[in-house]
Amino acid sequence: KYPDVQTTLGVSNVSFGLNPAARIVLNSVFLAEAVKVGLDSAIVHPSKITPIARIEPKQLEVALDLIYDRRTFDGDANCTYDPLSLFLELFDGVETKSSKVTRAAELAALPLIERLERRIIDGEKVGLEADLQEAMADGIKPLTIINEHLLAGMKTVGELFGSGQMQLPFVLQSAEVMKTAVALLEPHMEKTEDAGKGKILLATVKGDVHDIGKNLVDIILANNGYTTVNIGIKQTVNQIIDAATESKVDVIGMSGLLVKSTVIMKENLEELTSRGLAEEWPIILGGAALTRSFVEQDLAGAFDGTVRYAKDAFEGLSLMDSMMAIKRGDKSATLPPLRERRTPNTRANREVNLDTKRSDVASDNKVPTPPFYGSRIVKGIPLASYLGSLDERALFVGQWGLQGKRGEYEKMVEEEGKPRLRTLLNDVQANGWLNAAVVYGYFPCYSEGNDLVILHHEGPLKGSERTRFTFPRQSRDQRLCLSDFFREKSSGVIDTVAFHIVTMGQSVSDATSKLFAANEYREYLELHGLSVQLTEALAEHWHSRIREELGFASEDATGIAEILDQGYRGSRYSFGYPACPDLEQQRQLCELLEPERIGVELSEEFQLHPEQSTSAIIVHHPQAKYFNAT
């Protein structure tokens, strides 16, 4: 009836009241069945589900009977078969730990070849080396083990993921086992001229420092038999072309998180066409800012070669399979057809709002006196000083994916979240991975229409314009614009604005890269998430210090939850977000603060590097809160 409506599901309610082992099975079967009939998204903790392939047949059968209420009754309406009673009986006294022991025993009882495949599917490293040694002792060549047995396991993993029966954490676990197996077999391999399944170059495009998505593609493709040439972040089109030529790759994959990166990808395709290289390599594009219609209609329509969109790593794997089959002359191989746009593209024709009339924001608020003008740097900030500003919910639920179900969040925090956090914080401090630093400052200013004009505060140019920021204005609602929160030039009153840039430093970025290189994929994602949230915590802490220096910290709320919900006077805005979306104005901010003094650089596409860095314009006006100006 409503074909375009999307659906989401809170999975674990279905199993409330059962013991943990039973809940895992029922959660998993319920989720798998919902996906089959079109579920779009779900709220579930990875540790509370398991791939369907790991569930015992009898448990699966009864779980399905329970979900679909397949009770049977006699002629007197007496229940002769109750799936719930049988399900409870099956799991009576069963603990999750004993289930794992049983699973290990079942694995050990399998024939060797089947056991190797199952180790990949189950992500089970214990006993892997002994099984590989046994296989080689039986005369099976290492390449045969990889190509015919281990890759068969990874193929099953891909199928399970694609059908919704296996979630990402389990995929990463399988990939870690595959990587370990290949490393154990490599010393025993004979040299061969075989080119392998194919080779792909992976790059995050110019100006973009985000690489988690690209690295996930690397993990999946490399562990499915492809050779990956991962050249990293901020790669120009020249670097991409040079690396693709030097490495003799078959396909190029480009990734980017930023909206600006979509423009760079378009320019890269145009450059390939202008150099006559459009048909040299098929192109796969992916990233959070891309859409299938943009790639397969807007970009493909203007590109002479082959380009496709991959929504995730496994779609990238499927495209790679097809592209390599076509290259090798397989007449039956085809690429999926280009997807047509379902809705018209109206953005290009949208009129620019030139309204500069000030909104009704108050203009009689007291202007605070800053402790200094100009900028200062602060290095070596101890973790203890800003750890209290950590948004634990964003870390546990958003970054780590722990279950935050209503009524059980506090239990999860105490039993799982905080213990994991304490362990990781100990590692971070013991290894010296955090080099927290801040550059911040106060500057005289006034507003002029939609512009915020920054003035020189010293020297012969004192009082004259130094630089200006231009902000968009809402076309409806209150018609807000960031400049409205500062005194107008015509008032004759000079206002004050603060800016800051905070960073966790390069060391933690290097540490996450090393974890990725060591194939410790889950640890890599976990440390990355913590470093991002600690950066936000430092920004929150320093904003608090600025409020204190401006003299109105007494207006702050007392609890961290209220503080994170803007329980204070004024607000903090970052470029690239709805109130000030123009990332290019990071350049003026960096000219004012000179963040290279704390090891932070601005990329060609106006992104801060290291990635664990963030900037903000800090507004003191009491009415300043988050709003969307676009």
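Residues numbered from 1 in each chain as written. Predicted model: local features only at pLDDT ≥ 70, side-chain atom pairs only at ≥ 80, totals over all residues. Heavy atoms only, no water.

**Q** Hey, could you run me through the overall build of the protein in this one?
**A** Of regular secondary structure, the protein possesses 20 helices and 18 strands. By the compact-globule yardstick of 25 Å for 630 residues, the protein fits well, its C-alpha radius of gyration being 28 Å. Looking at the protein alone, contacts between residues at least 24 apart form 73% of all its contacts between residues at least 6 apart. Per element, the accessible surface of the protein, about 31,100 Å² overall, is 50% carbon and sulfur. Treating the 68 positive side-chain charges of the protein as one cloud and the 89 negative ones as another, the clouds have centres 3 Å apart. (Helix = DSSP H or I, 4+ residues; strand = E, 2+ residues; numbered from the N terminus. Rg over C-alpha atoms; globule rule 2.2 N^0.38 Å. Contact = heavy atoms within 4.5 Å. Areas by Shrake-Rupley, 256 points an atom, 1.4 Å probe, with all protein chains shown as cover. Lys, Arg positive; Asp, Glu negative; His and termini not counted. Charge placed at Lys NZ, Arg CZ, Asp CG, Glu CD.)

**Q** Sorry, what's going on with the packing of aromatic side chains here?
**A** For any pair of aromatic rings, the description rests on two quantities: the centre-to-centre distance and the angle between the ring planes. Tallied over the full model, the rule gives 14 aromatic pairs. Here the aromatic rings of tyrosine 573 and tyrosine 626 are separated by 6.1 Å at their centres, their planes lie at 75 degrees, and the arrangement is edge-to-face. With tyrosine 573 in strand 15 (residues 571-573) and tyrosine 626 in the segment after strand 18 (613-619), this residue pair connects regions lying 53 residues apart in the sequence. For tyrosine 573, a relative accessible area of 3% corresponds to the buried category. Every member of this aromatic cluster is reached through a ring pair, and the members are Phe443, Phe469, Phe471, Phe499 and Phe575. Sitting over the face of the ring of tyrosine 568, arginine 547 holds its NZ or CZ atom 4.0 Å from the ring centroid. A cation over a ring is seen here: arginine 569 above phenylalanine 552, with NZ or CZ 4.2 Å from the ring centre. (Phe/Tyr/Trp six-rings, centres within 6.5 Å; stacked < 30°, edge-to-face > 60°. Buried < 20%, exposed > 50% of the residue type's maximum accessible area, 1.4 Å probe, protein only. Lys NZ or Arg CZ within 6 Å of the ring centre and 35° of its normal.)

**Q** What am I meant to see in the side chain of threonine 204 here?
**A** Mapped onto the secondary structure, threonine 204 falls in strand 5 (residues 199-204). Sequence-distant contacts of threonine 204, that is, excluding residues within four places in its chain, are made with His210, Asp211, Lys214, Gly232, Ile233, Lys234, Gln235 and Ser255.

**Q** Could you clarify how one ought to interpret the confidence of the model for the protein in this entry?
**A** Parts of the model with low pLDDT should not have their predicted coordinates read in detail. Of the residues in the protein, 93% have a pLDDT of 70 or more, and the chain-wide mean is 87. By mean pLDDT, helix 4 (residues 96-109) is the weakest element of the protein at 65, and strand 14 (residues 495-503) is the strongest at 98. (pLDDT = per-residue confidence, 0-100.)

**Q** In this structure, what is going on with the nonpolar core? I would like to understand it.
**A** Here is a general trend for soluble globular proteins: nonpolar side chains tend to be buried in one another's company. Counting residues in each nonpolar core, the largest one holds 72 residues, and the members touching the most others are Tyr386, Leu530 and Leu534. Broken down by element, the residue count for this core peaks at eleven residues, all from helix 18 (residues 521-550). Residues in contact with tyrosine 386, not counting those within four places in the same chain, are Ile381, Leu434, Ala436, Met504, Leu534, Ala537, Leu538 and His541. Counting residues in each nonpolar core, the second largest holds 35 residues, with Val361, Cys580, Leu583 and Leu608 among its members. (Core = buried A, V, L, I, M, F, W, Y, C linked by side-chain atoms within 4.5 Å.)

**Q** Looking at this model, I keep getting lost on the environment of valine 157. Mind explaining?
**A** Turning to its location among the elements, valine 157 is positioned in helix 7 (residues 142-162). Valine 157 gets classed as buried once you look at its relative accessible area, which sits at 0%. Distance in space between the C-alpha atoms of valine 157 and serine 475 is 49 Å, their sequence separation being 318 residues. Ignoring anything within four residues of it in the chain, the contact list for valine 157 reads Ile120, Ile121, Met166, Val171, Ser174 and Phe314.

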